[in-house]
Amino acid sequence: MIRKNFKFLSRALLAASVMIFAPGSQAANVPESTDPIKLAVNEWTGQHVSTYVAGEILARMGYNVEYVTAGYYPQFIAMKDNNVTASLEVWMSNAGEHFHKGMDEGSIISLGDLNLKGTEGWYYPKYVEAMCPGLPDWSALLTCAEVLAAPDTFPQGRLVDYPTDWGTTNVNRINALKLDFVSVPSGSEGALVTILQSAMAKKEPLLVQFWTPHWLHAVAEIDQVVLPPYEEGCEEDPSLSIDPNVAWDCAWSSKPIVKIAWPGMPDKWPVAYKFLQNYEMTNDHQIPMLKAVDVDGGDAQAVSKAWVDANEAVWKPWVDAAMN
């Protein structure tokens, strides 16, 4: 999906609707404030549905929910002043310095693990193995730069990378592995998918930064480059890398995908805060929604609402636990 600029304020439900979730006097306490809970919407479809599902449930609980378009890195700064109240799909493998600074300073607090299991790395269409013998081992790229070059990078190979807002660590990784490649940022998730689909339709060589869960894995044969194994700290400590003189010559880490919030949320909206702590989005939940949006052309908010409609047995215990 090409990134859309939007800011949508959901309609708060009538207080009577809260009775569905909380009997007796507890219902009168929700929402604790009619001010909007501002949920960050980042640049990829998975994050959209993770956010819209949570927002739809919060709205049914009686909360005023606002969806705010926010860059992946800028959102961590915006959270300090409640310009963003919560962000619900933060990949710790690519969180960046602003996230860690915010956590250290107390301007960001954790809502716990989202329970989504993700992997990031370098991917290529399966047929590229015949063009670059030795793949999926990363060392094959040492002699395949020209094969994987683009007209504007030749003779250097091209790695089609994440948008700059998602991080630029592949620049460090390419240099550390002494690869004659250039990291070329894409504009969005949609741009990455379009480049992949176009290359595969023409059987053109391609190396691209990508991830799972994503619907593309269900419809295309793409394999992941096997980079040197990740060890905790290999981004900073050369002794943990394959070359003792440089850091970053290691794969992406398999770190949790988490939820975070503005530190004032537990006091201002304690029930909503507890709900978001309980909230989960698993691969099995998300992947069908990704296909419904990116393959079948559905609207991300409508698809998310349909999931909430059909899965009350999944999410109602999260609400009940927050109310008690």
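As shown above, the structure is provided for reference.
Residues numbered from 1 in each chain as written. Predicted model: local features only at pLDDT ≥ 70, side-chain atom pairs only at ≥ 80, totals over all residues. Heavy atoms only, no water.

### A few points about helix H11 (residues 300–310)
Taken residue by residue, H11 has Ala300, Val303, Ser304, Trp307 and Val308 as its buried positions. Seen along its axis, H11 keeps its buried residues to an arc of 140°; they face one direction. Contact partners of the buried residues in H11: helix H1 (45–60), helix H10 (283–294) and helix H12 (312–323). With a side-chain oxygen positioned 3.1 Å from the backbone nitrogen of Gln301, the residue opening H11 is Asp299. (Buried < 20%, exposed > 50% of the residue type's maximum accessible area, 1.4 Å probe, protein only. Helix = DSSP H or I, 4+ residues; strand = E, 2+ residues; numbered from the N terminus. Arc of directions from axis to C-beta. Contact = heavy atoms within 4.5 Å. Polar contact = N/O pair within 3.5 Å; in protein donor to acceptor, adjacent residues only side chain to side chain.)

### Describing the packing of H11 against H12
In a packed pair of helices, the relevant descriptors are the angle between the two axes and the axis-to-axis distance. Their axes nearest at 6 Å, the elements H11 and H12 cross at an angle of 85°. Overall, the two elements H11 and H12 adopt an arrangement that is roughly perpendicular. In this structure, H11 uses Trp307, Val308 and Ala310 to contact H12, whose residues at the interface are Glu312, Val314 and Trp315. Along the lines of polarity and charge, the residues of the contact of H11 with H12 split into 5 nonpolar, no polar and 1 charged. (Axes fitted to C-alpha atoms, helices over the stretch in contact; angles between N-to-C directions. Parallel < 35°, antiparallel > 145°, perpendicular 65-115°, else oblique. Nonpolar A, V, L, I, M, F, W, Y, C, P; charged D, E, K, R; others polar.)

### Here's the deal with the state of the cysteines
Within the structure shown, the criterion is met by 2 disulfides. Linked covalently through their sulfurs, Cys132 and Cys144 form a disulfide whose S-S length is 2.1 Å. Torsion about the S-S bond of the Cys132 and Cys144 cystine: about 110°, corresponding to right-handed handedness. Of the two residues, Cys132 is situated in the loop between helix H4 (128–131) and strand E7 (157–161) and Cys144 in the loop between H4 and E7; the sequence distance between them amounts to 12 residues. The disulfide partner of Cys234 is Cys250, and the gap between their sulfur atoms is 2.1 Å. One disulfide, between Cys234 and Cys250, carries an S-S torsion of 85° and so falls in the right-handed class. Of this pair, Cys234 sits in the loop between strand E10 (222–224) and strand E11 (257–261) while Cys250 sits in the loop between E10 and E11, placing them 16 residues apart in sequence. Accessibility classification places Cys234 together with Cys250 in one group, the buried group. (Disulfide = S-S within 2.5 Å.)

### As for the pairing of E7
Most of E7 sits inside the fold, with 4 of its 5 residues counted as buried. Here E7 pairs with strand E8 (residues 181–185) via 5 bridges, running parallel. Its bridge partner being in E8, Asp161 is matched across the sheet by Pro185. Viewed along the sheet, the connection from E7 through helix H5 (residues 169–176) into E8 turns out right-handed. (Pairing = 2+ DSSP bridges. Right-handed = clockwise from strand over helix to strand, strands pointing away.)

It is worth stressing that arrangement in space is one thing and function is another; only the former is reported here.
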